[in-house]
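# Chain and residue survey
The lines below spell out each chain.
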Amino acid sequence: MTTPEQAPALTTSGWAEAWLTAFETAAADPVTLMTGERLLTTADIGQVHINPGIAKTTLTPPNTKRPHQPCVTISPLERPAWKRLYKTLAASDEIADVINAGRLPDTLTDPATVNGIRIAPAPGDITFSCSCRPDPGICAHTAAVGYRVAQNLRANPGLLITLRGGSMKQLRTTVRLRKPTPPAQAPAPQQARAGTGAAQAFGRWKNRPAGPERARRHTPPTAQAPLLDSLRPELPGPGPTVQALRLLTDDAAVRAAALLARRPLPTTNDPLRDAARLLADPAHQPYLEHAAAHHGLSTLQMRDLALAHEYGGPANVDVTLWPWSADPDDLAHAEAAIQPHRPAPLATLASQDNHLTDAAARIQIRLGTERRWYPYTDWHGTWRPAPGHSADPAAAYRAARRALRNR
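Read on for an overview of the structure. Note that the coordinates shown come from a computational prediction; the quantities given were computed from them, not determined experimentally.

## Here we look at the overall build of the protein chain
Across its full length, the protein chain carries 15 helices and eleven strands. Within the protein chain, buried positions represent 41% of all 407 residues. Here the analysis covers contacts within the protein chain between residues at least 6 apart in sequence; of these, 63% occur between residues at least 24 apart.

Pasting the structure below:
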């Protein structure tokens, strides 16, 4: 199990560096790359939409009103390669623990770690196109897209999995459903025993006395039989505490009540989701710090996951943990739906992945894979889940505003 000290940070540079190495080598034009990097701070760049095999956006250079549509195309891995990759990662206890904690270790960018499969693209896998030129090739606009992808990878390395045609959801499912590797059992040392041979014992039984005398006869054993086969090198670990047993008993009672009422059981194979489910009960709050340390999270992060489960169940926990690339049309529809409800309609409204953020109003809504919107509010620089998820983005936005007023 990965300890808090061993758990990687919430941001990463290995995935971004692997992308930059391939991207800059494929571009092979230092001057254009430098110009594109400068556009990151001077141009009006929309959200970079990342989907399997493609990253694209709309970019308007400074001092002009003509937008361009730069596009970076990446050759995806074949489906058999992804299946082999998922199984390889699930077979490693150490890697599986990190992925279950919602992270991707930088070591996966090394093909030697993942059975020779190259997750990061090779330079030959990357091509460029843009509306500013009739033929494919690198330009300052596509260079800006490449550098923006690198920025996004530092916060969300799973985007590179998407770019290469993989699925973070499938990867997490494969890892959660894996069969843990059983620990190797050391053979018990052989110990000589003193006793009676089979032939001798049979002879004694055959010549035993008859009648009442047999019942009175008692021959003590020649040697005391040992209680254990051997001495254990270590004492067994301590059992669960009384408080932990009480928590497990309470949870068993909840499951039994659900069975009797024919309600669906709260089941999950993900330890982190299960911890969020248990901590959603206010009676289990004393275990918050212990659960956070066990999963390598801060107490605040663990509390937010418990709130997410309380307000929206396992789906809300997933949305809190893992961003994913939503359909741009869904985000555009949500922007139009919430616009009449914004307190500052002219303020910037940012969209990235499945997040729609109104920073001026201190509100964010996130789209789940089941197409429901989950409200979040700004809490001292972090986004905290709020009650009121809905299939209507406007309803979720209004729920976030209510949560802010009631705070």
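## Some thoughts on the sheet that holds strand β2 (residues 49-51)
The four strands lie next to each other as β2-β3-β5-β6, forming an open sheet whose pairing is antiparallel. Because the sheet does not close on itself, it has two edges, and the strands there are β2 and β6 (126-129). Sheet twist, expressed as the average angle between the axes of neighbouring strands with direction ignored, equals 15 degrees. In terms of strand pairing, β2 meets strand β3 (residues 54-56) through three bridges, oriented antiparallel. Looking at the pairing, N51 lines up with I54 of β3. Contacting β2, β3, β5 (71-74) and β6, helix α5 (residues 140-155) runs over the sheet at an angle of about 65 degrees to β5.

## Focus: the nonpolar core
Of all hydrophobic cores here, the largest spans 53 residues; its most connected members are W19, F23 and V149. Discounting residues that sit within four places of it in the chain, V149 has contacts with W19, V48, I50, A55 and L163. Core analysis: the second largest hydrophobic core is formed by 15 residues, L349, A361, A396 and Y397 among them.

## Structural notes on the sheet that holds strand β11 (residues 382-385)
Spatially, the five strands line up as an open sheet ordered β7-β8-β9-β10-β11, and their pairing is antiparallel. Every other strand in the sheet has two partners, leaving β7 (350-352) and β11 as the edge strands with one partner each. Averaged over all adjacent pairs, the angle separating strand axes in this sheet is 25 degrees, with direction ignored. Relative to strand β9 (residues 363-367), strand β8 (residues 355-358) is paired through four bridges, and the arrangement is antiparallel. By the bridge assignment for β9, D358 is matched with I363. With respect to the sheet, helix α14 (residues 328-338) is in contact with β7, β8, β9 and β10 (373-379), its orientation differing from that of β8 by roughly 30 degrees. Against the sheet, helix α15 (residues 393-406) contacts β8, β9 and β10, and its axis sits at roughly 30 degrees relative to β10.

Analysis parameters
- Residues numbered from 1 in each chain as written.
- Predicted model: local features only at pLDDT ≥ 70, side-chain atom pairs only at ≥ 80, totals over all residues.
- Heavy atoms only, no water.
- Helix = DSSP H or I, 4+ residues; strand = E, 2+ residues; numbered from the N terminus.
- Buried < 20%, exposed > 50% of the residue type's maximum accessible area, 1.4 Å probe, protein only.
- Contact = heavy atoms within 4.5 Å.
- Pairing = 2+ DSSP bridges.
- Axes fitted to C-alpha atoms, helices over the stretch in contact; angles between N-to-C directions.
- Core = buried A, V, L, I, M, F, W, Y, C linked by side-chain atoms within 4.5 Å.

Honestly, that's just the spatial picture; any functional story needs more than this.
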